Amino acid sequence: MAQLVTVLEVIKSMGMQLTLVDELTDTITSAIEKATLRIESELGSPVRRGTALALFHPVSDLHLGVSPDGLLTLKADHLFLGAVTSCTVAPSLADTAVAHDLSEVIVIADKGLIKVPVEWDEQFIRLSYFFGFTDSTAVDTMVKQAILSIAPLIFRSTQMTTEASGASNGKESGALASGMFGKLLNRSGFTYPPVSTTTTFA
């Protein structure tokens, strides 16, 4: 699993001596991985780098024909979108899809929203895109801070022997993640989810 924060960053965030790096590397690496998985669980979206091919079929009648900004808003299965690399549109799945210029697509990266022309209403839209982050140098600041807040809780729980203490830290880390990402999770209203999405991790 790609590490979105380093062991050294976690040790510094905990105020521990840097001389402990070698001794604690394995334990803290495990805490980082668990913190990352916890964040992904709360978000319902991977934060690790990957690619996706998504099929959308927006029907504005579902929202009484309302299209804010004169655009259709597609809601991807992922947050923290990167570049859209291809876009095709077809009136039906049986018809030949036509490639469109990527300048017609507007990406709201952190919320995982993609805006397309309203003329594509009731069309079948296929989009390929990147999502997530490759390493600690590219990660979103909010994601990094969340991992640096949750990984120490998980690390400390490994130093405790009772199940109750571990469960307590699990609930605390979950509440922390939910609080930090609340605004990103508010993606409802005049949006269209994909019909299907194929995801591949780098």
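Located above this text is the structure these notes cover.
1. Considerations on the overall build of the protein chain
And step 1. Helix and strand content of the protein chain: five helices and nine strands.
And step 2. Ordered by position from the N terminus, the helices and strands of the protein chain form the series α-α-β-β-β-β-β-β-β-α-α-α-β-β.
And step 3. Going through the 202 residues of the protein chain one by one, you find that 40% of them count as buried.
And step 4. By element, 54% of the accessible surface of the protein chain is carried by carbon and sulfur atoms, the whole surface being about 10,200 Å².

2. Considerations on the nonpolar core
In a soluble, globular protein the nonpolar side chains are often hidden away together inside.
And step 1. Ranked by internal contacts, the top residues of the largest apolar core, which has 27 residues, are V10, I28, I32, I39, F80, V143 and I147.
And step 2. Of all the secondary-structure elements, those providing two or more residues to this core are α1 (7–13), α2 (21–43) and α3 (141–158).
And step 3. For this core, the element with the most residues is α3, which contributes eight residues.
And step 4. The contact partners of I28, leaving out residues within four places of it in the chain, are V7, V10, I11 and F155.
And step 5. If you look at the next biggest cluster of nonpolar residues, it comprises 19 residues, including A54, L81, V84 and Y129.

3. Points about the sheet that holds strand β3 (residues 81–90)
And step 1. Strand order in the open sheet formed by five strands is β4-β3-β7-β1-β9, and the pairing between neighbours is antiparallel. Of all the strands in the sheet, the pair left with one neighbour each is β4 (98–99) and β9 (196–201).
And step 2. Both β3 and strand β7 (residues 124–131) contribute to a ladder of seven bridges, which runs antiparallel. Counted as the bridge partner of T88 is R126 from β7.

4. A few points about the pairing of β3
And step 1. Taken together, the two bridges between β3 and β4 define a ladder with antiparallel strand orientation. When the bridges of β4 are listed, T88 appears paired with A99.

5. Observations regarding the sheet that holds strand β5 (residues 106–108)
And step 1. A sheet is described by the order of its strands in space; here four strands give the open sequence β5-β6-β2-β8, paired in mixed fashion. Where the open sheet ends on each side, the last strands, each with one partner, are β5 and β8 (191–192).
And step 2. The sheet contact formed by strand β2 (residues 71–75) and strand β6 (residues 113–117) spans five bridges and is antiparallel. Each bridged residue has a counterpart across the sheet, and for L72 the counterpart in β6 is V116.

Reading the values: the criteria
Residues numbered from 1 in each chain as written. Predicted model: local features only at pLDDT ≥ 70, side-chain atom pairs only at ≥ 80, totals over all residues. Heavy atoms only, no water. Helix = DSSP H or I, 4+ residues; strand = E, 2+ residues; numbered from the N terminus. Buried < 20%, exposed > 50% of the residue type's maximum accessible area, 1.4 Å probe, protein only. Areas by Shrake-Rupley, 256 points an atom, 1.4 Å probe, with all protein chains shown as cover. Core = buried A, V, L, I, M, F, W, Y, C linked by side-chain atoms within 4.5 Å. Contact = heavy atoms within 4.5 Å. Pairing = 2+ DSSP bridges.

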